[in-house]
Amino acid sequence: MRQEDSFTTSQHKTGSGFDLHSTAEDVLRGIDLTGRLAIVTGGYSGLGLETTRSLVQAGAHVVVTARRPAVAKEALSDLPDVEIDELDLADLSSVRSFAERFLASDRNIDMLILNAGIMACPETRVGPGWEAQFATNHLGHFALTNLLWPALASQGGARVVSLASAGHHFSPIRWDDIQFEHGYEKFPAYGQSKTATILFSVELDRRGAEQGVRAFSVHPGGIMTPLQRHMPKDEMIALGWIDESGQVANPAFKTPEQGAATQVWAATSPQLAGKGGVYCEDCDISEMAPEDGGFYGVKEYAIDSEQALRLWKLSVELTDTDIPTT
């Protein structure tokens, strides 16, 4: 790994006082977000909806990006201080168009929550033939963040929070076949996309810290949301996620309100002032994954700074977007 600098944050728990049962409302109690602006990708469904709702209740103005604006408008109809704009993360022209529209409004961004994503979908190709999970979960958000950089870095203090997953345990970056051109497997492809999300936060934080922009990746926990829409019922039953009636069967699963808590905590908590580049879960910085297995903690390959830089350089080549190196 590259030599650490003065901005490096230790990948160890801080004792935040919250846990896996905490909700987004819990972590925001006593925090006033009046006058703050947040962008939440996919902030109208599942964890995104709960994230948007909690931020608005704390006083923030939230810009929700949506691949289906009409659906988003209906889902968010009862919330004030929300605006909706179209964005398809799998289409870089859509990403650029959204970024141009937002920058033209001459506003600063206090919180960019990269929440949208897809999981375990059938083999799908987007753009110039990219694997859809890598393209949507990583490349689209990578390009979006870089294009919005002027609004993030203008005043300092902004946070970029990427929704990762314990699913990163499924796969490191497959440098010899990132686009799964030699045989597609949906869960390794999902795992690689989430490893990429974590590595992105590591390098983004390194580049942005001196300008006051800090980055975090978060595992929300297991939650039943529309994210599982590509998974057959029988498969989820076999995994022990749901029972025959379709009800949640895994006692470790969280409610959407609990699932949204970690990304809201990472975006707003004063406990993270001066920190960044770390992977969080259960409303705290995570420990490293144990060497003897276990589906918790962060894998070493997901926070390796050399791999983070390598992925950044590749992503720049693929998306033709970048931010200045300090």
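Everything below is about the structure printed above this text.
Structural notes, computed from the coordinates. Bear in mind that the values here come from a model prediction, so they are computed numbers and not experimental data.

**Focus: the overall build of the chain**
What the chain contains, in helices and strands, is eleven helices and ten strands. Intrachain contacts of the chain at a sequence separation of at least 6 include 73% that bridge at least 24 residues.

**Some remarks on the packing of helix 5 (residues 132-147) against helix 11 (residues 305-319)**
At a minimum axis separation of 10 Å, helix 5 and helix 11 run at an interaxial angle of 85°. The orientation of helix 5 with respect to helix 11, classified from their angle, is roughly perpendicular. In this structure, helix 5 contributes Phe134, His138, Leu139, Phe142, Ala143 and Asn146 to the contact, and helix 11 contributes Leu311, Trp312, Ser315, Val316, Leu318 and Thr319. For the contact of helix 5 with helix 11, the residue count by class is eight nonpolar, four polar and no charged.

**Section: the side chain of Ser217**
If you trace the backbone, Ser217 turns up in strand 8 (residues 214-219). We classify Ser217 as buried; its relative accessible area is 1%. Not counting residues up to four positions away in its chain, the partners in contact with Ser217 are Ser162, Ala164, Thr197, Ile198, Ser201, Val278, Tyr279 and Cys280.

**Topic: the packing of helix 4 (residues 92-104) against helix 5**
Relative to each other, helix 4 and helix 5 sit at 25°, their axes nearing to 9 Å. It follows that helix 4 is roughly parallel to helix 5 by the angle criterion. The hand of the helix 4/helix 5 crossing is right-handed. The residues of helix 5 that touch helix 4, namely those facing Leu92, Val95, Arg96, Phe98, Ala99 and Leu103, are Gly140, Ala143, Leu144 and Leu147. Looking at side-chain class alone, the contact of helix 4 with helix 5 contains eight nonpolar, one polar and one charged residues.

**Notes on the pairing of strand 7 (residues 159-163)**
For strand 7, a buried count of five out of five residues is recorded, marking the element as mostly surrounded by other parts of the structure. Burial of strand 7 is two-sided: the residues Arg159, Val161 and Leu163 facing one way and the residues Val160 and Ser162 facing the other way are all buried. Bridge count between strand 4 (residues 111-114) and strand 7: four bridges; the pairing is parallel. Opposite Met111, over in strand 7, you have Arg159 as the bridge partner. By the bridge criterion, five bridges tie strand 7 to strand 8 in an arrangement that is parallel.

**Concerning the pattern of salt bridges**
Counting across every chain of the model gives 13 salt bridges. Taking the shortest distance from any N to any O, the salt bridge between Glu203 and Arg206 comes out at 2.8 Å. Within this pair, Glu203 and its partner Arg206 are both found in helix 7 (residues 186-208), separated by three residues, close to a single helical turn. On the accessibility criterion, Glu203 (0% relative accessible area) is buried. According to the relative accessible area criterion, Arg206 is partly exposed, its value standing at 30%. Asp205 is paired through a salt bridge with Arg214; the nearest N and O atoms lie 2.8 Å apart. With respect to class, Asp205 is no different from Arg214; both count as buried. The network of salt bridges with common partners includes Glu203, Arg206, Arg207 and Asp322.

Scoring rules and cut-offs
- Residues numbered from 1 in each chain as written.
- Predicted model: local features only at pLDDT ≥ 70, side-chain atom pairs only at ≥ 80, totals over all residues.
- Heavy atoms only, no water.
- Helix = DSSP H or I, 4+ residues; strand = E, 2+ residues; numbered from the N terminus.
- Contact = heavy atoms within 4.5 Å.
- Axes fitted to C-alpha atoms, helices over the stretch in contact; angles between N-to-C directions.
- Parallel < 35°, antiparallel > 145°, perpendicular 65-115°, else oblique.
- Nonpolar A, V, L, I, M, F, W, Y, C, P; charged D, E, K, R; others polar.
- Buried < 20%, exposed > 50% of the residue type's maximum accessible area, 1.4 Å probe, protein only.
- Left-handed = near helix turned anticlockwise from the far one by under 90°.
- Pairing = 2+ DSSP bridges.
- Salt bridge = Lys/Arg side-chain N within 4 Å of Asp/Glu carboxyl O.

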